[in-house]
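Single-letter residue listing:
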Amino acid sequence: GTSPMPLSTPSLAAALARNARVHQNLSAAQLAELAVTRGEATLTAQGALTARTGKYTGRSPRDKFVVADPSVERHIDWGPVNQPMAPDLFDRLYHRVLEHLDAKELFVFDGYAGADPDYRLPIRVVTEFAWHNLFVRQLFIRPEPADRHSHQPAWTVLCLPSFQADPVRDGTNSEAFVILNLTRQLVLIGGTHYAGEMKKSVFTVMNYLLPFRDVVPMHCAANVGEHGDVALFFGLSGTGKTTLSADPGRRLIGDDEHGWSSTGVFNFEGGCYAKCIDLAAEQEPQIYGAVRFGTVLENVVVDPATREPDYGSSALTENTRAAYPMEYIPNAVIPGRAGHPRVVIFLTADASGVLPPIARLTREQAMYHFMSGYTSKLAGTERGVTAPEATFSPCFGGPFLPLPAATYAEMLGRRIAEHDVRVYLVNTGWWGGPYGTGQRVSLTHTRAMVAAALSGELEQRAFVPDPVFRVMVPLDCPDVPAQLLQPRLTWADTGAYDQQARTLAQLFAQNFKRFPHVPEAIATAGPRV
């Protein structure tokens, strides 16, 4: 239907009511059809919709703001991640955005973030592109048809890429902006076509709201084994969250965003947003098979004649993506809810080649590594990153945390203690030398180590402490060459290894200085410097 429903913000409701061309909750087929006929996107040979995002092929962290309203000011961890915007500046920009709306054909999606009815957030997403609306329809949770009439949006996301900000007039850093107004329960996105901004802004909202309800919001994937044993996979983009959680032997709860409540874990989303650079059926069969009609591909190069995707090409970006609903993964848990985790895995892609490929952490070490959130940022996830660089992102999700990192770490630490969870650090990065000299740990070996950790088999092995990082390293693991487990043994030049390990240890120590008020037991649980 095309009749606009009342929206949570009166001025936006009025703007939509004036607008004769508003499409409400269209089906995937209708949206795909419109995206093609409107020239926004094309179809691949498999029937997936493929769109290009132009200048912005990744998130734009410098363009994200939080409106500094008196009611929220004391809660927010202000700084480069949460940049303040004055309420009056927001109001003026918002007014111009609403004027810009009037001439547009618009698409509205009503759904939820959060698979647990006790904690779900009813959202409305208004987009100017049909393909953006298909994207959010596949990624968020779609209401049952019977529930749709009772859906009352608590939050609205308005995404208008054709509206470009004027930094001088609007107080932004560029023409692009992602602004969270926590008081008005509104997210305003403009100047960027990258669809991931809509997904991550809703995640940021959940990260703000849920701690006040004693739910730990987490940037992690989750799956469950046949005996109901739940595992969480934390990690920044490119470390293997989506790949490792899509395991044919386990059921996928979700690949990116979860809450951990007093009753268990639940997915925030109803879909997956998988990286698809070098996607191959042999390596990632579940993701490969999910690219079909209804799936949205972003910035994937497609042959103009055959319409076959070229997953190996990074001509547009390394950060090529596929967005598809959970039900495209065979055996997924729908709705995405399960019990308390038994195992937590922190993923890191260490380009310096010195971290062990798997290690067990004490609870204090778990908190230390969770707050550190180390990985090497590889090309592709953010604009302008071309060579690997060491990066520390608190709670493996720094860009999406409105509250101080310690808030999330304390909550997670409490849950780990309550449920006696085993925690492992898994390095999916390099061995035998740094990036450029060494080799990437093979996915086959990583899968074998993760499987041994999840089954409990690894716990039957002998462990030795790593001399620098002090984590406990297993001496052997089924289906993994023993020398691989101790990185120093894989380097031709052990002196170079020692130097590199010291350098990384110092980076950890330097970074941890940003948390001056952490309990001593956690502050001293890091590498030996």
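Residues numbered from 1 in each chain as written. Predicted model: local features only at pLDDT ≥ 70, side-chain atom pairs only at ≥ 80, totals over all residues. Heavy atoms only, no water.

1. Considerations on the pairing of strand β16 (residues 271-275)
Looking down a regular strand, the side chains alternate between one sheet face and the other.
Stage number 1. Within β16, four of the five residues are buried, which leaves the element mostly enclosed by the surrounding structure.
Stage number 2. Of the strand pairs in this sheet, β16 and strand β20 (residues 321-325) are connected by five bridges, and their pairing is antiparallel. Following the sheet pairing, Lys275 is matched in β20 by Arg321. (Buried < 20%, exposed > 50% of the residue type's maximum accessible area, 1.4 Å probe, protein only. Helix = DSSP H or I, 4+ residues; strand = E, 2+ residues; numbered from the N terminus. Pairing = 2+ DSSP bridges.)

2. A closer look at the pattern of salt bridges
One side chain can pair with another of opposite charge once the charged atoms of both are near each other.
Stage number 1. Under the criterion given, the structure shown has 25 salt bridges.
Stage number 2. Across the salt bridge formed by Asp88 and Arg92, the nearest N and O atoms sit 3.7 Å from each other. Here Arg92 and Asp88 lie together in helix α3 (residues 87-101), a separation of four residues that amounts to about one turn.
Stage number 3. What makes Arg92 partly exposed here is its relative accessible area of 49%.
Stage number 4. Connected via shared salt-bridge partners are Lys199, Lys200, Lys241, Asp256, Glu257 and Glu269. (Salt bridge = Lys/Arg side-chain N within 4 Å of Asp/Glu carboxyl O.)

3. Brief notes about the sheet that holds strand β7 (residues 121-127)
Stage number 1. Here we have eight strands laid out as an open sheet, ordered β1-β6-β7-β8-β10-β9-β4-β5, and mixed in their pairing. The open sheet has two edge strands, β1 (22-24) and β5 (83-85), and neither has a second partner. Neighbour to neighbour, the strand axes of the sheet diverge by 25° on average, direction disregarded.
Stage number 2. Running at roughly 10° to strand β6 (residues 106-113), helix α4 (residues 130-139) makes contact with β6, β7 and β8 (155-160) of the sheet. (Axes fitted to C-alpha atoms, helices over the stretch in contact; angles between N-to-C directions. Contact = heavy atoms within 4.5 Å.)

4. Considerations on the environment of Ala86
Stage number 1. As for its position among the elements, Ala86 is in the loop between β5 and α3.
Stage number 2. A relative accessible area of 33% places Ala86 in the partly exposed class.
Stage number 3. Taking the C-alpha atoms as reference, Ala86 lies 6.0 Å from Val67; in sequence the two are 19 residues apart.

5. Section: empty space enclosed by the protein
Stage number 1. For the coordinates displayed, the defined rule picks out three cavities of 30 Å³ or more.
Stage number 2. Roughly 40 Å³ of internal volume is contained in the largest cavity.
Stage number 3. Lining the largest cavity, in full, are Asn25, Leu26, Leu31, Phe109, Asp110, Asn133, Arg137 and Arg148.
Stage number 4. If you list the elements that add at least two residues to the lining of the largest cavity, you get β6 and α4.
Stage number 5. Of the residues assigned to the lining of the largest cavity, the class counts are three nonpolar, two polar and three charged. (1 Å grid on protein atoms, 1.4 Å probe; cavity = no way out; pocket = protein on both sides within 12 Å on 5 of 7 lines; lining within 4 Å. Points joined across faces, edges and corners; volume = space filled by probe spheres on them. Nonpolar A, V, L, I, M, F, W, Y, C, P; charged D, E, K, R; others polar.)

6. Re the side chain of Ser60
Stage number 1. For Ser60, the position within the fold is in the loop between β3 (49-51) and β4 (64-67).
Stage number 2. Of the residues examined, Ser60 reaches a relative accessible area of 6% and is grouped as buried.

7. Details of helix α9 (residues 363-372)
Stage number 1. Counting buried residues along α9, eight of its ten residues qualify, which places the element largely inside the surrounding structure.
Stage number 2. All buried positions along α9 are accounted for by Gln365, Ala366, Met367, Tyr368, His369, Phe370, Met371 and Ser372.
Stage number 3. Among the residues trailing α9, Gly373 stands out with phi positive, at a value near 60°.

8. A few points about the sheet that holds β3
Stage number 1. If you trace the five strands from one edge of the open sheet to the other, you get β2-β3-β17-β20-β16, paired in mixed fashion. Pairing within the sheet leaves two strands with one partner each, and these edge strands are β2 (42-43) and β16.
Stage number 2. Strand direction decides the pairing type here: β3 and strand β17 (residues 296-298), joined by three bridges, are parallel. Opposite Leu49, over in β17, you have Val296 as the bridge partner.

9. A short note on unusual backbone geometry
Stage number 1. Cis rather than trans, the peptide bond between Ile334 and Pro335 has omega equal to -10°.
Stage number 2. Following the sequence through the fold, Pro335 ends up in the loop between β20 and β21 (337-338).
Stage number 3. In this structure, Asn299 takes a positive phi of about 60° despite not being glycine.
Stage number 4. Along the chain, Asn299 turns up in the loop between β17 and β18 (301-302).

10. Let's talk about the state of the cysteines
Stage number 1. A complete count under the given rule lists zero disulfides for this structure.
Stage number 2. In this structure Cys159 is not part of a disulfide, and its nearest cysteine sulfur, from Cys276, lies 20 Å away.
Stage number 3. Left without a disulfide partner, Cys276 is nearest to the cysteine sulfur of Cys272, which lies 12 Å away.
Stage number 4. Among the residues examined, Cys276 registers a relative accessible area of 0% and is labelled buried. (Disulfide = S-S within 2.5 Å.)

11. Here we look at the packing of aromatic side chains
Stage number 1. Counted under the stated rule, the structure contains 25 aromatic pairs.
Stage number 2. A ring pair is formed by Tyr208 and Phe212, whose centres lie 5.6 Å apart and whose planes are at 70°; its orientation type is edge-to-face.
Stage number 3. Judged by its relative accessible area of 49%, Phe212 falls in the partly exposed class.
Stage number 4. Here the aromatic cluster, defined as three or more aromatic residues joined through ring pairs, consists of Tyr368, Tyr374, Phe392, Phe469, Phe508, Phe512 and Phe515.
Stage number 5. Of note, Arg292 hangs over the ring of Tyr328, and the distance from its end group to the ring centre comes to 3.8 Å.
Stage number 6. Its guanidinium or amino end placed over the ring of Tyr273, Arg321 lies 4.8 Å from that ring's centre, counting from NZ or CZ. (Phe/Tyr/Trp six-rings, centres within 6.5 Å; stacked < 30°, edge-to-face > 60°. Lys NZ or Arg CZ within 6 Å of the ring centre and 35° of its normal.)

12. Structural notes on the packing of α9 against helix α10 (residues 405-418)
Stage number 1. Remark: α9 packs on α10, axes separated minimally by 10 Å, with the N-to-C direction vectors making an angle of 150°. Taken together, the axes of α9 and α10 are roughly antiparallel relative to one another. Once α9 is placed against α10, the crossing between them reads as right-handed. Seen from α9, the contacting residues are Arg363, Met367, Phe370 and Met371; seen from α10, they are Ala406, Tyr408, Ala409, Leu412, Gly413, Ile416 and Ala417.
Stage number 2. Along the lines of polarity and charge, the residues of the contact of α9 with α10 split into nine nonpolar, one polar and one charged. (Parallel < 35°, antiparallel > 145°, perpendicular 65-115°, else oblique. Left-handed = near helix turned anticlockwise from the far one by under 90°.)

13. Side note on the nonpolar core
Stage number 1. If you look at the biggest cluster of nonpolar residues, it comprises 106 residues, and the most contacted ones within it are Leu232, Phe234 and Phe346.
Stage number 2. Every residue in contact with Leu232, bar those within four places of it in the chain, is listed here: Met218, Cys220, Ala221, Ala222, Trp260, Val265, Pro341, Val343, Val344 and Ile345.
Stage number 3. Grouped together as the second largest cluster of nonpolar side chains are 24 residues, Leu106, Leu158, Leu160 and Ala165 included. (Core = buried A, V, L, I, M, F, W, Y, C linked by side-chain atoms within 4.5 Å.)

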